[in-house]
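Structural overview
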Amino acid sequence: MEKLGFHKVSNNPGTINHNQPIGPSIHKTLTVVNCPSNAIALSNQIAVNPQEFPNEITYTRLDKLFVYSIARDPNIPPGSVGLSGSIRQWGKWSLNQKVDVRTFGFNDFKTPQIYIKSVEILIDFRQKSKSHSNPINHDELIQQFVNSYKNQVLHPTEPITMDFKGQYYSLLINSIQTMDISGKKFGDLGDRIDNMGLLIDQSEVNFYPSNDSPINLVKKDNARLMGSFRPRENKIIDPDFKLDSLGIGGLDSEFQEIFRRAFASRIINPDLVDRLGVRHCKGILLYGPPGTGKTLIARKIGKMLNTKEPKIVNGPEMLSKFVGESESNIRNLFKDAEEEYKKKGENSGLHIIIFDELDSVFKQRGSGKSDGTGVGDNVVNQLLSKMDGVDQLNNILIIGMTNRLDLIDNALLRPGRFEIQIEISLPDEKGRYEILLIHTKKMKNNNLLDKSVDFHQLAKLTKNFTGAELEGLINSATSFAINSFTKNDSLAQVDDDIKNMKLTWEHFLLALNEVRPAFGVNEENLTELLPYGIINYNEAVDKILNIGDSFINEVSNSDNERLISLLFHGEPNVGKTALVAKLALNSKFPFIKVLNGDAIVGMNEPQKINYIDQTFRDVYKSPLNVLIIDKIESIINYVPIGPRFSNDILQVLMVYLNKKPPNGRRLLILSTTSQYSILKSMNLVDIFTKTINVNSVKTLDELNVVMNEIDFMDDRSRIEICNQLQRLANGNEVINLGIKKLLQVLGNAKFSNASVNEVVENILESHT
């Protein structure tokens, strides 16, 4: 390694043992005096009396932070240390002040990466009166710097005054990347003062003009140096930032998109931004179901950036009952950013404003969705002007969150405002697994999790759980674990054995029965739709189920069909609702929603339209969705007399029945109707992918199958019932009764202990 110069790192002859401190350890308190000569000041060293430190001492650390090489000068009084003006200004020392000075060795570095791999330096003229734009050779400048300061320990933010060809220049160490002695292991590029390193011949040095400096750096051939863009004075993102440190699971792709679109232009230097002619992103809008982590993401973004503390605002807080106060509240949010931008321009720090519940304030202007007073419109106008008005600010980033993207004014969604709109959807299985690990990390570290807990399996069992619901699931499991240690005679006291408590797999299974996802399957509601189950009384029932299963497979796996809709029609009580409920359960889709007349009873027409609109928005949030629209004629307010139906509701349904779900989402619609001819006259039938007719029970064989299936009476009685119905038919249709009605008749007969004759009579009455 000697050929790389790693051993020759001292201003004095000889070599240094990299595993040992340099010379004896000495600690003194010295008095600050002025630097004795320009030569020492330009060498970036501190001056001490030769009696203070032995000759083998090369480096000292001032106030446990600032590392400098030593220059020995007999003109410095004993007990004093000579510091140049730039050093005193950097360390905030004044003349005659006491300063802690102690020896510094290689063992005092925190990591093995002690050598400078690369260093960025801002350069400007020391005296503004002598500034010019004449070409300055970049390569010669670098060579002069390395020759002057080789083997010195440099810090980010450190000022240096350098003489180059008879003119003084002010240098500022902007950032440093370090490496180890092998030259293969590197530290992070950092601008913190403790990210120090030793300058050697192999260090890569790059100079950049300071902000607004006329310095003209050129190559050897006098061509303007294309790499002479000045770096940012304030790095937006911490170089040590890692995505894992955010503590948010399942959102890697969303974060990568946010970084690419919102921060790519902010991490490059301002000169390159000017040359590209690009504008920074000013707004990010996060939308999606409640509980998926939108607010958490916004807060984490604010914390990971090297910016001022974000201003977090709940939308309704902006509104005031006083005239003009709401608009003033908006203006005040941008006041600090405006003042700093006027002073620093593109080098201004980034100001982040986080708006929660954005849709509650910034609704569509001039519509019924606004507040009707005009205040809402004024607030929207004020935000529009601040984000992308005449006096544009380039140092702001607004992060908004909403559950209802459709309510927000369209002008806010165009480029230049909230141009980045990212859906934070329900986490997939991998995301749920990551979220579960994050929320149970503390339990695991404290040995409170039993080995039986399988988070991979739990992630599979929690389809369509949001992050908030997963946290609720863990809280529920914890409550079951604590409850197992409560005393029998008092719910408010726990056993002493609770110190041995661990959450087991059984606790999580109990919690799964208690915590249900908002966008999941409510099996209890579905089973209510088929109280008698499915009775295959003829081949047609099996055929309908097989057709339904084929469409389930198609919508699940087809590359082209993201939307399939089926219409089941037939006479009332023939079992249409039970069949669609059975198919929905067979699908195993994670989200099943039921839309029927019961859900909208008592609502006026606008309320019904909003409910239908929200229902379809809900079924777009899961990867696989089933929507059951039961008795579709009741949804559109159909009646045989008077106003026949609601055209507005009909149009909304027709739009959504035709509308494909977003990419990555699939929807199966199962509808039922007893008014097929009416729907056909409304042109509603043609919208469905397929219509399926459901017939009633018509033959004695089918009747016998039903009675056998529910174990109705004995074999002899069942035969007698069929014989009597056959004789009474007189060659006409024996029976034409919906399965639901038939089961009600037989159920009533069973519990009333009716005779065969009474059963036959009840069946004929129902048929009539």
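The model shown is predicted, which means the values in this text are computed figures rather than measured ones. (Residues numbered from 1 in each chain as written. Predicted model: local features only at pLDDT ≥ 70, side-chain atom pairs only at ≥ 80, totals over all residues. Heavy atoms only, no water.)

This brings us to unusual backbone geometry. For Lys92, which is not glycine, the phi dihedral falls at a positive 60 degrees. Here Lys92 lies in the loop between helix 2 (85-91) and strand 6 (98-103). We classify Lys92 as exposed; its relative accessible area is 70%. Positive phi outside glycine occurs at Lys165, with the angle close to 55 degrees. (Helix = DSSP H or I, 4+ residues; strand = E, 2+ residues; numbered from the N terminus. Buried < 20%, exposed > 50% of the residue type's maximum accessible area, 1.4 Å probe, protein only.)

Let us now look at the pairing of strand 7 (residues 115-125). Counting buried residues in strand 7 gives 11 out of 11 residues, a clear majority hidden from the surface. Sheet topology note: the strand 7/strand 11 (residues 167-179) ladder contains 10 bridges and is antiparallel. Looking at strand 11, one finds that Ile121 is bridged to Ile173. Examined bridge by bridge, strand 7 and strand 13 (residues 204-209) share six bridges and lie parallel to one another. From the neighbouring strand, Ser118 faces strand 13, where its bridge partner is Glu204. (Pairing = 2+ DSSP bridges.)

Attention now moves to the sheet that holds strand 2 (residues 46-48). The strand order 1-5-2-4-3-6 describes a closed barrel built from six strands, whose pairing is mixed. Ignoring which end each strand starts from, the neighbouring axes of this sheet average 45 degrees apart. Looking at chain direction, strand 1 (residues 27-34) and strand 6 are connected through five bridges and run antiparallel. Among the inter-strand pairings, Thr31 is bridged to a residue of strand 6, identified as Lys98. (Axes fitted to C-alpha atoms, helices over the stretch in contact; angles between N-to-C directions.)

What follows deals with the environment of Gln421. In this fold, Gln421 is placed in strand 19 (residues 420-423). Taking the relative accessible area as the measure of exposure, Gln421 reaches 26% and is therefore partly exposed. Here the alpha-carbon distance between Gln421 and Leu286, two residues 135 residues apart in the chain, equals 6.0 Å. When sequence neighbours within four positions are dropped, the list of residues in contact with Gln421 reads Leu285, Tyr287, Leu405 and Leu413. Among the polar contacts made by the side chain of Gln421, one reaches the main-chain carbonyl oxygen of Phe418 at a distance of 3.0 Å. (Contact = heavy atoms within 4.5 Å. Polar contact = N/O pair within 3.5 Å; in protein donor to acceptor, adjacent residues only side chain to side chain.)

Inspection of the entire model under this criterion finds 21 salt bridges. A salt bridge links Glu257 to Arg261, with the nearest nitrogen and oxygen atoms 3.4 Å apart. On the criterion of helical spacing, the pair formed by Glu257 and Arg261 is a turn pair, its members being four residues apart in helix 4 (residues 252-267). When its relative accessible area of 34% is taken as the criterion, Arg261 is described as partly exposed. (Salt bridge = Lys/Arg side-chain N within 4 Å of Asp/Glu carboxyl O.)

Another aspect to go through is the nonpolar core. Core analysis: the largest hydrophobic core is formed by 53 residues, its most contacted members being Phe568, Leu670, Ile721 and Ile763. Once residues within four sequence positions are removed from consideration, Ile721 is found in contact with Met707, Phe712, Met713, Val756, Val759, Val760 and Ile763. Among the nonpolar cores identified, the runner-up in size contains 33 residues, and Ile600, Val619, Tyr620 and Ile649 belong to it. (Core = buried A, V, L, I, M, F, W, Y, C linked by side-chain atoms within 4.5 Å.)

The periodicity of an α-helix, 3.6 residues per turn, causes residues three or four positions apart to be oriented the same way. End to end, helix 21 (residues 647-658) covers 17 Å across 12 residues, agreeing with the expected 16 Å (1.5 Å per residue, within 8%). Inspection of helix 21 places Ile649, Leu650, Val652, Leu653, Met654, Tyr656 and Leu657 among the buried residues, and these make up the whole buried set. Residues of helix 21 that are buried make contact with strand 22 (563-569), helix 19 (605-618), strand 24 (624-629), helix 20 (632-635) and strand 25 (666-673). (Expected span 1.5 Å × (residues − 1).)

Honestly, that's just the spatial picture; any functional story needs more than this.
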